[in-house]
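Each chain, letter by letter, is given below.
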Protein chains: 2
Amino acid sequence: MEVKLPEFDSVFSIDCVIFGFDAGELKILLIERNEEPFKDWLALPGYIVEQNESIDTAAERILYELTGLRDLHMEQFHTFGEVNRHPQGRVITVAYYALIRINGQKELRPVTQYAKKAFWHPVNELPKLAFDHSEIFKTGFNKIRRRLSYQPIAFELLPEKFTLTQLQMLYEAILNKKLDKRNFRKKMLSYGFLKELDEKQKGVSYRAAKLYKFDKRKYTKIFQNELTTVES
Amino acid sequence: MEVKLPEFDSVFSIDCVIFGFDAGELKILLIERNEEPFKDWLALPGYIVEQNESIDTAAERILYELTGLRDLHMEQFHTFGEVNRHPQGRVITVAYYALIRINGQKELRPVTQYAKKAFWHPVNELPKLAFDHSEIFKTGFNKIRRRLSYQPIAFELLPEKFTLTQLQMLYEAILNKKLDKRNFRKKMLSYGFLKELDEKQKGVSYRAAKLYKFDKRKYTKIFQNELTTVES
DNA sequence: TTACATCGTGTTGAATATACACATTATCTT
DNA sequence: AAGATAATGTGTATATTCAACACGATGTAA
């Protein structure tokens, strides 16, 4: 080390926008804060990056500590660096998102004291969130919307077996518009990564729909072809 | 301030991937470093964010200091946060890109001592760069490639008046493939944001081509309509 | 005047996207 | 068991977009 890096009172943090889909509604994961500033406020799960961990690792750890959720594939989508976004000092935050299945089983249980609890909240009618988290959410939501229109990322939100109507409802929830049933089905099936199962929906009081499953192998094959990247 | 933020020996930095187009070639802006580490290496223009400036402001300042360029519209595209990406400590860097006109007039002249010089270098055959800058460049290049396929961002690289052939050559340089002349023209003109001028190319030893100009007003109108964003 | 280099232009067929309605099926109720 | 209910599952016609493809016109230079 020939030159010392300057020492500022500044830190990095991670905030996570985790989308889930349940009961026909799109939701995100919020925590209730148990720490100042913004104690008792609702906020995105987020915390400070340790000095010896990469930001991707930090994102996983932080989400786990605040919500008990693990092993989800998150991706960074934007970095927020306004000077006064944190009242206690300079904090630049890297925002990540993920789409996951809300599974009745999975309990949301913070493993640190920083969060009182973690829970799913519908994306419509979100309350005001701590810090600039409302803006972070909005940016993230717009990202996945746009992404959904050219990449089939919706499957990550659905249970393993799902009906085409469920899939369509999810698209409609994210894109916030009605889609045509026949055209939607035609298009989805034409991709070739939906596998029709020999099984039907259970427990509905009307004609049960066929269940489908997402064929990841075919999906990645198709998806890869669409990306042209430089390697050199 | 009730709780103090932790004090790590960690800093934010900004790195800029600035694209230009000249003599039919796509280029990026590099500097020759005048500081350890990586003294004398080629690198992307980049430096440390001050405590009292937002990252967007920092990006502008840093680019100016290292290259003399001002007032360009940069956008962040990714944040690099591996633990050991900087040999002197923990440095997380937010990468920005911009597309600009290389103007014969504009001198590239660093105003700080951190860079010995700044210059344009063709994106093909880039040498190994300092830090993880080769990777940052690659990520940025892939970003603009993908972006070019759904947003007409190429105009930012061309002189104010340009021919359709020049525009096509630029697309071909970025996308790295040949395009069909007639289809390309048809499509570009169909957008309606190209304004045909009453002027022709000068100084060529063959039939001169018509000059066009980019109509920013129409462009933004069309462009806005394509984005559906959430506001609430 | 001739050679050269690039400009500028249209059509056709294929693929994709859009608009649109009703008979079928399983369940529930009486 | 008959009828009501609620959602499933399916096809066609039209418009739009994309892809492939070649050559005469024009200006410059020798």
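Residues numbered from 1 in each chain as written. Chains lettered and ligands numbered in written order. Predicted model: local features only at pLDDT ≥ 70, side-chain atom pairs only at ≥ 80, totals over all residues. Heavy atoms only, no water.

### Re the protein's contact with DNA strand C
Then, number 1: Neighbouring DNA strand C are 17 residues; Asn183 and Arg207 of chain A together with Lys181, Lys186 and Arg207 of chain B lie closest to it.
Then, number 2: Backbone atoms, meaning sugar and phosphate, form 42% of the atoms of DNA strand C found within 4 Å of the protein.
Then, number 3: Lys186 of chain B places a side-chain nitrogen or oxygen 2.9 Å from a base oxygen of DNA strand C.
Then, number 4: One nitrogen or oxygen atom from the main chain of Lys210 of chain B is found 3.0 Å from a phosphate oxygen belonging to DNA strand C.
Then, number 5: Mapped onto the surface near DNA strand C, the elements with two or more residues apiece are helix H4 (181-191) of chain A together with helix H4 (181-191) of chain B.
Then, number 6: Counting residues per element, the surface near DNA strand C draws most heavily on H4 of chain B, at four residues. (Near = heavy atom within 4 Å. Polar contact = N/O pair within 3.5 Å; in protein donor to acceptor, adjacent residues only side chain to side chain. Helix = DSSP H or I, 4+ residues; strand = E, 2+ residues; numbered from the N terminus.)

### Thoughts on the side chain of Gln168 of chain A
Residues and elements named next belong to chain A.
Then, number 1: Here Gln168 shows up in helix H3 (residues 164-175).
Then, number 2: A residue is classified by how much of its surface remains accessible, and Gln168, at 8% relative accessible area, is buried.
Then, number 3: Residues in contact with Gln168, not counting those within four places in the same chain, are Leu179, Asp180, Lys181 and Phe184. (Buried < 20%, exposed > 50% of the residue type's maximum accessible area, 1.4 Å probe, protein only. Contact = heavy atoms within 4.5 Å.)

### Things to note about the protein's contact with DNA strand D
Then, number 1: If you check the shell around DNA strand D, you find 17 residues, and the closest are Thr165, Lys181 and Arg207 of chain A together with Asn183 and Arg207 of chain B.
Then, number 2: Each atom of DNA strand D within 4 Å of the protein was classed as base or backbone; sugar and phosphate made up 40%.
Then, number 3: In the model, a base oxygen of DNA strand D is placed 2.6 Å from a nitrogen or oxygen of the Arg207 of chain A side chain.
Then, number 4: Within the contact set of DNA strand D, a base nitrogen lies 3.3 Å away from a side-chain nitrogen or oxygen of Asp180 of chain B.
Then, number 5: Top element by residues in the surface near DNA strand D is H4 of chain A. It accounts for four residues.
Then, number 6: Of the residues assigned to the surface near DNA strand D, the class counts are four nonpolar, three polar and ten charged. (Nonpolar A, V, L, I, M, F, W, Y, C, P; charged D, E, K, R; others polar.)

### A few points about the sheet that holds strand E10 (residues 210-214) of chain B
Residues and elements named next belong to chain B.
Then, number 1: Pairing within the open sheet is antiparallel, and its three strands lie in the order E8-E10-E9. Looking at which strands have only one partner, the edges of the open sheet turn out to be strand E8 (161-162) and strand E9 (194-200).
Then, number 2: In the sheet, E9 pairs with E10 via four bridges, with the strands oriented antiparallel. Of the residues in E10, the one forming a bridge with Leu194 is Phe214. (Pairing = 2+ DSSP bridges.)

### Notes on the domain arrangement of chain A
Residues and elements named next belong to chain A.
Then, number 1: Segmenting chain A into domains produces domain 1 (10-148) and domain 2 (160-226).
Then, number 2: Look at where the C-alpha atoms of domain 1 and domain 2 centre, and you get two points 28 Å apart.
Then, number 3: Facing eight residues of domain 1, the contacting portion of domain 2 comprises nine residues.
Then, number 4: A combined buried area of about 800 Å² lies between domain 1 and domain 2, and 75% of that area is made up of carbon and sulfur atoms.
Then, number 5: Taken together, domain 1 and domain 2 are joined by zero salt bridges.
Then, number 6: Here the side of domain 1 that touches domain 2 gets four residues from one element, more than from any other, and that element is helix H2 (residues 133-148).
Then, number 7: Its residues assigned to classes, the side of domain 1 that touches domain 2 shows five nonpolar, one polar and two charged. (Domains from an automatic or database assignment. Buried area = accessible area lost by both parts, 1.4 Å probe. Salt bridge = Lys/Arg side-chain N within 4 Å of Asp/Glu carboxyl O.)

### Some words on H3 of chain A
Residue and element names in this part refer to chain A.
Then, number 1: For H3, built from twelve residues, the straight-helix expectation of 16 Å at 1.5 Å per residue is met to within 8% by its first-to-last C-alpha distance of 16 Å.
Then, number 2: Residues Leu164, Leu167, Gln168, Leu170, Tyr171, Glu172 and Ile174 constitute the buried set of H3.
Then, number 3: Looking one or two residues past H3, Asn176 carries a phi angle of roughly 60 degrees, positive in sign. (Expected span 1.5 Å × (residues − 1).)

### A word on the packing of helix H3 (residues 164-175) of chain B against H4 of chain B
Each pair of packed helices can be summarised by the angle the axes make with each other and by the distance between the axes.
Residue and element names in this part refer to chain B.
Then, number 1: Their axes nearest at 11 Å, the elements H3 and H4 cross at an angle of 105 degrees. Comparing the axis directions of H3 and H4 gives the class roughly perpendicular. Listed contacts from H4 to Leu164, Thr165, Leu167, Gln168 and Tyr171 of H3 are Lys181, Phe184, Arg185, Met188 and Leu189.
Then, number 2: Taken together, the residues that form the contact of H3 with H4 break down as six nonpolar, two polar and two charged. (Axes fitted to C-alpha atoms, helices over the stretch in contact; angles between N-to-C directions. Parallel < 35°, antiparallel > 145°, perpendicular 65-115°, else oblique.)

### Structural notes on the pattern of salt bridges
Two side chains of opposite charge can pair, provided their charged atoms sit close to one another.
Then, number 1: Inspection of every chain in the model, using the stated rule, returns 24 salt bridges over all chains.
Then, number 2: A salt bridge links Glu172 of chain A to Lys178 of chain A; the shortest N-O distance between them is 3.5 Å.
Then, number 3: A salt bridge links Glu32 of chain B to Lys116 of chain B, with the nearest nitrogen and oxygen atoms 3.2 Å apart. One end of the pair, Glu32 of chain B, is in strand E2 (residues 25-33); the other, Lys116 of chain B, is in strand E7 (residues 115-122), and 84 residues separate them in sequence.
Then, number 4: Within the structure, one salt-bridge network assembled from shared partners comprises Glu32, Asp40, Lys116 and Lys117 of chain A.

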